[in-house]
Amino acid sequence: MAKTKRYALLGDVPVRESKRGDLLKFSSYARVLARATIETEESITIGVFGEWGTGKTSLMRLIKEEVDNEKTAAAVWFNAWQYEKEEHLIVPLTATINKELAQKTWPDKLVNGAKSIGDALRAIAYGFSIKG
């Protein structure tokens with residue numbers, strides 16, 4: 001009797017969900033993009049584009065992991081779809097950034113700067129929530 005071959009498809013489960021590893025082998029790309037975001041002195045914008053199921057979320061999670069390992073940088077995960085009914089998206093965005101900054105253990109020389117940024121973000125969010 002002939003042995004039956006088994007075929008499996010990858011489900012739409014991003015890296016690190018349900019213990020899923022880097023099946024798409026994006027780690028090296030994530031490392032390069034993370035280093036670029038950390039080491040570039042000027043402001044930069046990096047866009048990740050692709051069709052549904054091509055691994056955008058997985059790549060972004062791997063980048064976040066790389067940045068999270070840095071002592072002088074913080075990666076913020078913000079899912080804008082969760083707040084699509086918010087009148088001012090800036091309020092939950094600033095709250096999310098502030099929460100991430102507060103949870104990070106900063107080197108002594110950066111503690112005051114992180115606190116100042118957090119205070120400014122709270123002021124921005126408070127201003128929008130009062131007007132709303």
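Anyway, here's the lowdown on the structure attached to this text. This structure is a prediction, so every number in the text was calculated from the model and none was measured.

One finds Val-15, Phe-26, Ala-30, Ala-34, Leu-59, Leu-62, Ile-63, Val-67, Ala-73 and Ala-75 forming the largest nonpolar core, which totals 10 residues. When contributions to this core are tallied by element, the ones reaching two or more residues are α1 (27-39) and α2 (56-68). With 4 residues, the top contributor of residues to this core is α2. Leaving out residues up to four positions away in the same chain, Val-67 has contacts with Ala-34, Thr-37, Ile-38, Ala-73, Ala-74, Ala-75 and Lys-104.

Bringing unusual backbone geometry into the picture now. One non-glycine residue, Lys-25, lies in positive phi territory at about 60°. Its place among the elements puts Lys-25 in the segment before α1. Given a relative accessible area of 61%, Lys-25 falls into the exposed group.

This part is about the pattern of salt bridges. With the rule as written, the count across this model stands at 6 salt bridges. Where Arg-35 meets Glu-70, a salt bridge forms, and the shortest distance between an N and an O atom there is 2.8 Å. Of this pair, Arg-35 sits in helix α1 while Glu-70 is found in the loop between α2 and α3 (90-103), placing the two residues 35 residues apart along the sequence. Among the residues examined, Arg-35 registers a relative accessible area of 29% and is labelled partly exposed. One salt bridge connects Lys-115 with Asp-119, and the closest N-O pair in it is separated by 2.9 Å.

The subject of this paragraph is the side chain of Thr-96. By the element assignment, Thr-96 lies in helix α3. Residues contacting Thr-96, with those up to four places away along its chain left out, are Val-76, Trp-77, Phe-78 and Tyr-83.

The next thing to look at is the packing of α1 against α2. Relative orientation of the contacting elements α1 and α2 amounts to 55°, with a least axis distance of 8 Å. Judged by the angle between their axes, α1 and α2 are oblique. As α1 runs across α2, the sense of the crossing is right-handed. Between α1 and α2, the residues in contact are Ser-27, Tyr-29, Ala-30, Arg-31, Leu-33, Ala-34, Thr-37 and Ile-38 and Leu-59, Leu-62, Ile-63, Glu-66 and Val-67, respectively. Per-class residue counts for the contact of α1 with α2 are 9 nonpolar, 2 polar and 2 charged.

Cut-offs and rules
- Residues numbered from 1 in each chain as written.
- Predicted model: local features only at pLDDT ≥ 70, side-chain atom pairs only at ≥ 80, totals over all residues.
- Heavy atoms only, no water.
- Core = buried A, V, L, I, M, F, W, Y, C linked by side-chain atoms within 4.5 Å.
- Buried < 20%, exposed > 50% of the residue type's maximum accessible area, 1.4 Å probe, protein only.
- Helix = DSSP H or I, 4+ residues; strand = E, 2+ residues; numbered from the N terminus.
- Contact = heavy atoms within 4.5 Å.
- Salt bridge = Lys/Arg side-chain N within 4 Å of Asp/Glu carboxyl O.
- Axes fitted to C-alpha atoms, helices over the stretch in contact; angles between N-to-C directions.
- Parallel < 35°, antiparallel > 145°, perpendicular 65-115°, else oblique.
- Left-handed = near helix turned anticlockwise from the far one by under 90°.
- Nonpolar A, V, L, I, M, F, W, Y, C, P; charged D, E, K, R; others polar.

Purely spatial values, then, with no claim about function.
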